[in-house]
Amino acid sequence: DTAVSQTPKYLVTQMGNDKSIKCEQNLGHDTMYWYKQDSKKFLKIMFSYNNKELIINETVPNRFSPKSPDKAHLNLHINSLELGDSAVYFCAIRRGTEAFFGQGTRLTVV
Amino acid sequence: AQSVAQPEDQVNVAEGNPLTVKCTYSVSGNPYLFWYVQYPNRGLQFLLKYITGDNLVKGSYGFEAEFNKSQTSFHLKKPSALVSDSALYFCAVRDYSGNMLTFGGGTRLMVKP
């Protein structure tokens, strides 16, 4: 069974739209993350979240916001999408000292 | 602030030859170090980690990595490369009390028959 699942796998949308990417984990762990991988494959942390604290990378625009409806989910909402938001977004969970990643969501803004 | 450097964008090696993918890090305090592999159109898969103990750690698929505190390095190695090892490799660091992994820029490994 997949520990971290993301939907959708691919998302194509127009500039200015608002979209969400869902992330679900089935391991019951507290800490979840969102990472962005750009076209050069560079990985950057966007958010770290547990049921107590949200840590935001200060370089992330406030158009991006994580929402956690329950402990198993950390969804990524993006408002007013821009061309530069095109990337692959990965959700991850922390188990002990390790991080486990979802398969990624390839977002293309046209 | 913690950081990771992978000085090589790409490493080319012939199948059957040993491979090394380099990584250096900067972090306050004792580091937790990791290697992840990413195959095309896939997420990151955990390979191995160093937390404490022996400087040489062994991981999945025959990979190993050597922690060198004086050189702040954590190079990934494999004695005999396979074509199927071709992928993107990421080194990452987290400090003992920190909550977030910081990744290097990635190194593409190309193993040719």
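Everything quoted here is computed from the prediction, not taken from an experiment. Residue indices follow the written sequence of each chain, beginning from 1 at its first position. All chains are assigned letters beginning at A, and all ligands numbers beginning at 1, according to the order in which they are written. Only residues with pLDDT of at least 70 are given local features in this predicted model, and only at 80 or more are side-chain atom pairs given and counted; all residues enter the totals for whole chains, interfaces and linings. Hydrogens and waters are ignored; side-chain quantities use all the structure's heavy atoms.

A separate point is the interface of chain A and chain B. In many reports, interface size means the accessible area that the parts give up when they come together. Between chain A and chain B, the residue contacts involve 20 residues of the former and 22 residues of the latter. Together, the buried faces of chain A and chain B total about 1800 Å²; carbon and sulfur atoms form 53% of this surface. Simply put, the buried area is the total loss of 1.4 Å probe accessible area from both parts when two parts are fitted together. Ranking the residues of chain A by area buried against chain B places A:Leu43, A:Thr97 and A:Phe101 at the top, with a combined share of 28%. By convention in these notes, a salt bridge is any Lys or Arg side-chain nitrogen within 4 Å of a carboxyl oxygen on Asp or Glu. Joining chain A to chain B, the criterion identifies one salt bridge. Across the pair B:Lys49 and A:Glu98 runs a salt bridge, and its minimum N-O distance is 3.0 Å. Residues adjacent in sequence count toward polar contacts only when both atoms are side-chain atoms; beyond that, a polar contact is any pair of N or O atoms within 3.5 Å, and within protein one must be able to donate a hydrogen and the other to accept it. Seen at the junction of chain A and chain B, the total is six residue pairs in polar contact (both at pLDDT 80 or more). We count a stretch as a helix when DSSP gives it H or I for four or more residues in a row; a strand needs E for two or more, and each element gets its number in order from the N terminus. For the side of chain A that touches chain B, the secondary structure elements donating two or more residues are β4 (32–37), β5 (43–49), β9 (87–95) and β10 (98–101) of chain A. Polar here means any residue other than Ala, Val, Leu, Ile, Met, Phe, Trp, Tyr, Cys and Pro, which are nonpolar, and Asp, Glu, Lys and Arg, which are charged; Gly is therefore polar. The residue inventory of the side of chain A that touches chain B, partitioned by class, reads nine nonpolar, seven polar and four charged. In this analysis, two residues are considered to be in contact whenever any of their non-hydrogen atoms come within 4.5 Å of each other.

With that settled, the discussion passes to empty space enclosed by the protein. Grid points spaced at 1 Å over the protein atoms alone were grouped into cavities, where a 1.4 Å probe fits but cannot get out, and pockets, open sets with protein on both sides within 12 Å along at least five of seven lines, with lining residues defined by an atom within 4 Å of a point. Grid points are joined across faces, edges and corners, and a volume is the space filled by probe spheres set on the points. A full pass over the atoms with the stated rule returns one cavity of 30 Å³ or more. Volume-wise, the largest cavity comes out at about 30 Å³. Together, A:Tyr33, A:Arg94, A:Thr97, A:Glu98, A:Ala99, B:Arg94, B:Asn99 and B:Leu101 line the largest cavity. A class-by-class count of the residues in the lining of the largest cavity yields three nonpolar, two polar and three charged.

All names here are of chain A. Strand pairing is defined by DSSP finding a minimum of two bridges between the two strands. If you trace the four strands from one edge of the open sheet to the other, you get β1-β3-β8-β7, paired in antiparallel fashion. Each edge of the open sheet carries a strand with a single partner, namely β1 (4–7) and β7 (64–67). The sheet shows a mean angle of 20° between the axes of neighbouring strands, taken without regard to direction. Bridging between β7 and strand β8 (residues 75–78) involves four bridges; their strand directions are antiparallel. Every axis in this analysis is a line fitted to C-alpha atoms, fitted for helices over the stretch in contact. Angles between the N-to-C directions lie between 0 and 180 degrees.

Our focus in this paragraph is the state of the cysteines. Note that a disulfide, as used here, is simply two cysteine sulfur atoms within 2.5 Å. Per the counting criterion, the structure on display carries two disulfides over all chains. Between A:Cys23 and A:Cys91 runs a disulfide, and the two sulfur atoms are separated by 1.8 Å. Taking the sign of the torsion about the S-S bond as the criterion, the disulfide between A:Cys23 and A:Cys91, at about -70°, is left-handed. Of this pair, A:Cys23 sits in strand β3 (residues 19–25) while A:Cys91 sits in strand β9, and the two are 68 residues apart along the sequence. Of the two residues examined, A:Cys23 and A:Cys91, each falls in the buried class. Through a disulfide, B:Cys23 is tied to B:Cys91; the S-S separation comes to 2.0 Å. Here the S-S torsion is close to -65°, and the disulfide linking B:Cys23 with B:Cys91 is therefore left-handed. In this pair, B:Cys23 sits in the loop between β3 (19–21) and β4 (24–26) while B:Cys91 sits in strand β10 (residues 87–95), placing the two residues 68 residues apart along the sequence. For the pair B:Cys23 and B:Cys91, a shared accessibility class is recorded, and that class is buried. Buried, partly exposed and exposed residues are distinguished by accessible area as a fraction of the type maximum, computed with a 1.4 Å probe on protein chains only: under 20%, between the cut-offs, and over 50%, respectively.

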